[in-house]
Number of protein chains: 2
Amino acid sequence: MTTKIPRPVARRLAIYYRLLKEYKKKGEDTISSSSMGKYLDLKPSQIRKDLSYFGGFGKRGTGYKVLELMNTIGKILGIDQEWNVIVVGAGKIGRALLNYPGLREDGFKIKAIVDNHENKIGMKIDGYFPVEDVRRLDKIVYDQEIQMGVVAVPSNSAQDVTNKLVRAGIKGIINFAPVILDVPEDIMVEEVHISLSFKSLSFKLVNR
Amino acid sequence: MTTKIPRPVARRLAIYYRLLKEYKKKGEDTISSSSMGKYLDLKPSQIRKDLSYFGGFGKRGTGYKVLELMNTIGKILGIDQEWNVIVVGAGKIGRALLNYPGLREDGFKIKAIVDNHENKIGMKIDGYFPVEDVRRLDKIVYDQEIQMGVVAVPSNSAQDVTNKLVRAGIKGIINFAPVILDVPEDIMVEEVHISLSFKSLSFKLVNR
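Throughout this description, residue numbers start from 1 for each chain and increase along the sequence as written. Lettering of chains starts at A and numbering of ligands starts at 1, both following the order in which they are written. Only residues with pLDDT of at least 70 get local features here, since the model is predicted, and only at 80 or more are side-chain atom pairs given and counted; chain-wide, interface and lining totals rely on the full set of residues. To obtain the side-chain values, all non-hydrogen atoms of the structure were used and water was disregarded.

S.K.: An account of the interface of chain A and chain B is requested, with residue identities and associated values reported.
M.R.: Should any heavy atoms of two residues lie within 4.5 Å, those residues are counted as being in contact. Contact residues are listed per partner, giving 67 residues for chain A and 67 residues for chain B. In short, buried area is how much 1.4 Å probe accessible area vanishes from two parts on joining, totalled over both. Summed over both sides, the interface between chain A and chain B buries roughly 6,400 Å², with carbon and sulfur atoms accounting for 69% of that surface. By definition here, a salt bridge exists when the distance from a side-chain nitrogen of Lys or Arg to a carboxyl oxygen of Asp or Glu is within 4 Å. Scanning the region where chain A abuts chain B turns up 6 salt bridges. Distance and chemistry together define a polar contact, namely a pair of N or O atoms within 3.5 Å, with one atom able to donate a hydrogen and the other to accept it when in protein, and with adjacent residues in sequence counting only for side-chain atoms on both sides. For the pair chain A and chain B, the interface holds 20 residue pairs in polar contact (both at pLDDT 80 or more). For the side of chain A that touches chain B, the elements supplying multiple residues, two or more each, are α1 (7-25), α2 (33-40), β3 (83-88), α5 (92-98), β7 (148-151), β8 (172-175), β9 (188-191) and α8 (194-207) of chain A. Helix and strand definitions here come from DSSP, where helices need a minimum of 4 consecutive H or I residues and strands a minimum of 2 consecutive E residues; each element is numbered from the N-terminal end. For the side of chain A that touches chain B, the leading source of residues is α8 of chain A, giving 14 residues. Per-class residue counts for the side of chain A that touches chain B are 39 nonpolar, 12 polar and 16 charged. Asp, Glu, Lys and Arg are counted as charged, while Ala, Val, Leu, Ile, Met, Phe, Trp, Tyr, Cys and Pro are counted as nonpolar; the rest, among them Gly, fall into the polar class.

Dropping the structure here:
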């Protein structure tokens, strides 16, 4: 059933998941699509439609059960399991990811960070997380059973790093470099383009 | 005309803009919706539909003129003008933004970075960019004519920082904190939630 879920819905599911987590922290048991819509600036009908993709569990009048909905969405998003992650590039972005809030909580474990600069290899980030040599990438991916790779290198080496990750057996890539990566069809790529967010904001400001 | 463009289209426009920039760098004069679609993993019909929102300039057979399309999209995205930006939070993410590739090129000028930690205020990032006291926020925003604020602080202070930015007269916010911000209706917020990208990737891996 889940294979029929369109990808933009996946992104919204992740947003719903985060909101549900906040509700859970506050000790709320139920949530309505209208209060979710208010928080997220989405139409309640859109939310109900999204949630109906995997069978609605909302009850008219009482809404959704927070914990139940959170667990179901978590499963659909694949975060009911753990994902081992390698970060390539020990620059500011790469280093920032190591203790980025919520990643570990949601099952994403950064197992290693690698770089190709002599002066970075061997350094310990935050005093404990060692930067390893990118030439050890294959071995690290294999030994630590890593499924996801993060490309956090400058644009001009992003494709080369991507090729290395693919050869090492990585199945999914998070790309921070502002370039479009060329990958085999069975490799999934998710782009985090910070500059796109700035453009999206300027668009909103110009067109509001 | 631009006010009728739906917001998800804006995000795709930013993606088209980036691709066009790459084509321009390569010295290409024209681009077809099918080659754009191939690069971006989007249907050519979707691209043509998006571009038709502001009048199609594609010619059947020859495609779009790269420079013309890039300039038009740039204008719609509001990046034919300069935006002054303040970053709140001199942690790893905040510091990484200061020389994030492409921001300045697209007209986003980070004019200041502020923090509330005594040990950060006064430090010079990369040897030249001074961290200022968050208590000077109002004055900095006014003096430097800043329109955009970046929230790069821990979740528990994100709302407080947002309130400060709004009071200072900021009209748009880029939010890196994994919480949903409460803002007045006329303030635009764009969320950069790195953890959402990880969830979106795990979804793709589980459901491919």
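That covers the picture; the talk isn't over yet.
S.K.: Describe the environment of Glu82 of chain A, listing the residues and the values that go with them.
M.R.: Residue and element names in this part refer to chain A. Along the chain, Glu82 turns up in the loop between α4 (66-76) and β3. Classification of residues uses two cut-offs on accessible area relative to the type maximum, computed with a 1.4 Å probe and protein chains only: under 20% is buried, over 50% is exposed, and between them is partly exposed. Under the relative-accessibility criterion, Glu82 is labelled partly exposed at 49%. Separated by 65 residues in the primary sequence, Glu82 and Gln147 have C-alpha atoms spaced 9.9 Å apart. With sequence-adjacent residues up to four places away left out, Glu82 is seen in contact with Gly107, Lys109 and Gln147. In this structure the side chain of Glu82 is engaged in a polar contact, spanning 3.5 Å, whose partner is the side chain of Lys109.

S.K.: Break down the side chain of Glu22 of chain B for me, with residues and values.
M.R.: For Glu22 of chain B, the location among the structural elements is in helix α1 (residues 7-25). Dropping the residues within four chain positions of it, Glu22 of chain B is found in contact with Pro178, Val179 and Ile180 of chain A.

S.K.: Explain helix α7 (residues 155-168) of chain A residue by residue, including any values.
M.R.: Residue and element names in this part refer to chain A. One less than the number of residues in a helix, times 1.5 Å, gives the span that helix is expected to have. Helix length check: α7 (14 residues) gives 20 Å between terminal C-alpha atoms against 20 Å at 1.5 Å per residue, within 8%. By the burial criterion, the buried members of α7 are Ala158, Val161, Thr162, Leu165 and Ala168. Each buried residue of α7 lies within a common arc of 125° when the element is viewed along its axis, so the set occupies one face. Seen from the open side of α7, the exposed residues pointing more than 90 degrees away from its buried face are Asn156 and Arg167. Looking at the buried positions of α7, the neighbouring elements they touch are β3, α6 (137-143), β7 and β8. Note on α7: the residue one or two positions beyond its end, Gly169, has a positive phi of about 105°. It is the directions from the helix axis to the C-beta atoms that the arc portrays.

S.K.: If you had to explain the pattern of salt bridges to someone new, which residues and values would you point to?
M.R.: For the structure on display, the rule yields 28 salt bridges over all chains. A salt bridge links Glu82 of chain B to Lys109 of chain B; its shortest N-O distance comes to 3.5 Å. Here Lys109 of chain B lies in strand β4 (residues 108-115) and Glu82 of chain B lies in the loop between α4 (66-76) and β3 (83-88), a separation of 27 residues in the sequence. Among the salt bridges present, the one from Asp160 of chain B reaches Lys164 of chain B, with a minimum N-O distance of 3.0 Å. Here Lys164 of chain B and Asp160 of chain B lie together in helix α7 (residues 155-168), a separation of 4 residues that amounts to about one turn. By sharing partners, the salt bridges in this structure join Lys21, Glu105 and Asp106 of chain A together with Lys199 of chain B into a single network.

S.K.: How would you summarise the sheet that holds strand β6 (residues 129-133) of chain B if you had to cite specific residues and measurements?
M.R.: Consider a sheet: its strands pair through backbone hydrogen bonds, and that pairing is either parallel or antiparallel. As summarised here, the arrangement of the 7 strands in space is β5-β6-β4-β3-β7-β8-β9 (chain B), forming an open sheet in which the pairing is mixed. With partners counted over all chains shown, the strands left at the sheet margins are β5 (124-125) and β9 (188-191) of chain B, one partner each. Here, a strand pair is defined by DSSP locating no fewer than two bridges between the strands. Where β3 of chain B meets strand β7 (residues 148-151) of chain B, 4 bridges bridge the pair, whose relative direction is parallel. Its bridge partner being in β7 of chain B, Val85 of chain B is matched across the sheet by Met148 of chain B. Angles here are taken between N-to-C directions and fall from 0 to 180 degrees, while the axes themselves are lines fitted to C-alpha atoms, restricted in helices to the stretch in contact. Contacts from α8 of chain A reach β3, β4, β7, β8 (172-175) and β9 of chain B within the one sheet, and its direction differs from that of β9 of chain B by about 165°.

S.K.: Tell me what's going on with the sheet that holds strand β4 (residues 108-115) of chain A, and back it up with residues and numbers.
M.R.: Residues and elements named next belong to chain A. The mixed open sheet is built from 7 strands, whose spatial order is β5-β6-β4-β3-β7-β8-β9. Looking at which strands have only one partner, the edges of the open sheet turn out to be β5 (124-125) and β9. Pairing between β5 and strand β6 (residues 129-133): 2 bridges, direction antiparallel. Among the inter-strand pairings, Ile125 is bridged to a residue of β6, identified as Phe129. Lying over the sheet, α7 contacts β3, β7 and β8, oriented at roughly 170° with respect to β7.

S.K.: So what's going on with unusual backbone geometry? Which residues, and what values?
M.R.: Backbone phi values are negative for most residues with the exception of glycine, while trans is the configuration of most peptide bonds. Residue and element names in this part refer to chain A. Phi angles above zero are rare outside glycine, and Asp126 is one such case at about 55°. Considering the arrangement of structural elements, one finds Asp126 in the loop between β5 and β6. The exposure class assigned to Asp126 is partly exposed, which follows from its relative accessible area of 41%.

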